[in-house]
Amino acid sequence: MNNNYSEKFEKMRLAGKLAAKTLDMITDYVKPGITTNKIDQLCFEYIKDNGGYSAPLHYRGYTKSLCTSLNHVICHGIPSDRELGDGDFLNIDVTAIVEDYHGDTSRMFVVGDIPVKAKNLIDVTHESLMKAIKILKPGIKLGDIGYEIQSFVEEKGYSVVRDFCGHGISNVFHEHPNVLHYGKKNTGMELKPGMTFTIEPMINSGKHDVKILNDGWTAVTKDKSFSAQFEHTIGISENGYEIFTESVKGYRKPPYN
């Protein structure tokens, strides 16, 4: 890994900040009655108006600019005319391209009063992501990241989705390495300064099994249990890490106020 990565990190900061600001912007709109198509439209326009482009649009034939994954949808939920209602919770996943570099991030959002079971799942999912990020530094292995997430959430009675993972990201949307959210300590690739990737644990309240719907994109829990996800884009620095997609408003997990 070339140690001269300051220019790369500077571009990753720009893309990551726009992605994070997009989620900050949409927060006040996530209320009963809004459709996920409207969320998609508002975020697309915000990214475009701020000098970026939405990476998911037309990616491998995908027709929307972001993913909205509700309730028992694990990931890749396609925006539609479905209106959000009291008790819904969802993940909004955006990726902004700025000067060819990508910022990829997602957060959970809640509408009205959600089940306690869902709230607890959301809290644990966020904590698992932050626990994994806090250990990052050169020399640790990818397996350490997976172990940190898996051991924490399984102890709480939840399961880690195996079918999807985090990924390398820079001027390419998805690249090596794959960042699994389960694993064993001291296994896998060693982290080195200049590496950039996402960590995006998908955690289920039931079993980890996945079913893909007929649209070819939407992944749901096979047992119809709840699912939650948070995602950050990260860079490994000489002494630790940098989160490129932190909220400008300090939003971390719902409720956002």
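Residues numbered from 1 in each chain as written. Predicted model: local features only at pLDDT ≥ 70, side-chain atom pairs only at ≥ 80, totals over all residues. Heavy atoms only, no water.

Q: Would you take a moment to explain the overall build of the chain for this structure?
A: Counting its regular elements, the chain contains 4 helices and 15 strands. Here the C-alpha atoms of the chain give a radius of gyration of 17 Å, agreeing with the 18 Å that 2.2 N^0.38 yields for 257 residues. Seen along its three principal axes, the alpha-carbon backbone of the chain occupies a region of about 50 × 45 × 35 Å. Looking at the chain as a whole, 55% of its 257 residues qualify as buried. Put simply, 70% of the contacts in the chain that link residues at least 6 apart link residues at least 24 apart. (Helix = DSSP H or I, 4+ residues; strand = E, 2+ residues; numbered from the N terminus. Rg over C-alpha atoms; globule rule 2.2 N^0.38 Å. Buried < 20%, exposed > 50% of the residue type's maximum accessible area, 1.4 Å probe, protein only. Contact = heavy atoms within 4.5 Å.)

Q: Help me understand helix α2 (residues 36–49), please; the structure alone is not making it clear to me.
A: A turn of α-helix holds 3.6 residues, and therefore any two residues three or four places apart point the same way. Counted at 1.5 Å a residue, the expected span for α2 with its 14 residues is 20 Å, and the 20 Å between its end C-alpha atoms agrees. Contacts from the buried residues of α2 go to α1 (6–26), β1 (53–54), β2 (67–70) and β4 (89–98). (Expected span 1.5 Å × (residues − 1).)

Q: Just to check I follow, could you spell out the packing of α1 against α2 for this structure?
A: Helix-helix packing is characterised by the crossing angle of the two axes and by the distance between the axes. With their axes 10 Å apart at the nearest point, α1 and α2 run at an angle of 135° to one another. Regarding the angle of α1 to α2, the classification is oblique. Considering only the axes of α1 and α2, their crossing is right-handed. For the pair α1 and α2, the contacting residues are Leu18, Lys21, Thr22, Met25 and Ile26 in the first and Ile39, Leu42, Cys43, Tyr46 and Ile47 in the second. (Axes fitted to C-alpha atoms, helices over the stretch in contact; angles between N-to-C directions. Parallel < 35°, antiparallel > 145°, perpendicular 65-115°, else oblique. Left-handed = near helix turned anticlockwise from the far one by under 90°.)

Q: Can you help me understand the nonpolar core in this one?
A: Taken as a class, soluble globular proteins show a tendency for nonpolar side chains to be buried jointly. In this structure, Ile92, Leu136, Ile145 and Ile199 are the most contacted members of the largest nonpolar core, which totals 55 residues. For this core, the secondary structure elements donating two or more residues are α1, α2, β4, β5 (101–110), α3 (116–134), α4 (142–155), β9 (196–199) and β14 (232–236). Element by element, the count of residues in this core is highest for α3, at 8 residues. In this view, Ile145 contacts Ala132, Ile135, Leu136, Ile140, Val179, Leu191, Phe197 and Ile199; residues no more than four positions away in its chain are not counted. (Core = buried A, V, L, I, M, F, W, Y, C linked by side-chain atoms within 4.5 Å.)

Q: Got a minute to help me understand unusual backbone geometry in this structure?
A: The omega torsion of the bond from His176 to Pro177 falls at 5°, within 30 degrees of zero and hence cis. The residue Pro177 is located in strand β8 (residues 175–179) in this model. Cis peptide bonds are those with omega within 30 degrees of zero, and the linkage from Pro254 to Pro255 qualifies with 5°. Of note, Pro255 is situated in the segment after β15 (241–243). For His76, which is not a glycine, the phi torsion comes out positive at approximately 60°. Relative to the helices and strands, His76 is located in the loop between β3 (73–75) and β4. If you check the backbone angles, Asn186 has positive phi at about 60° while not being a glycine. Examined against the element boundaries, Asn186 turns out to sit in the loop between β8 and β9.

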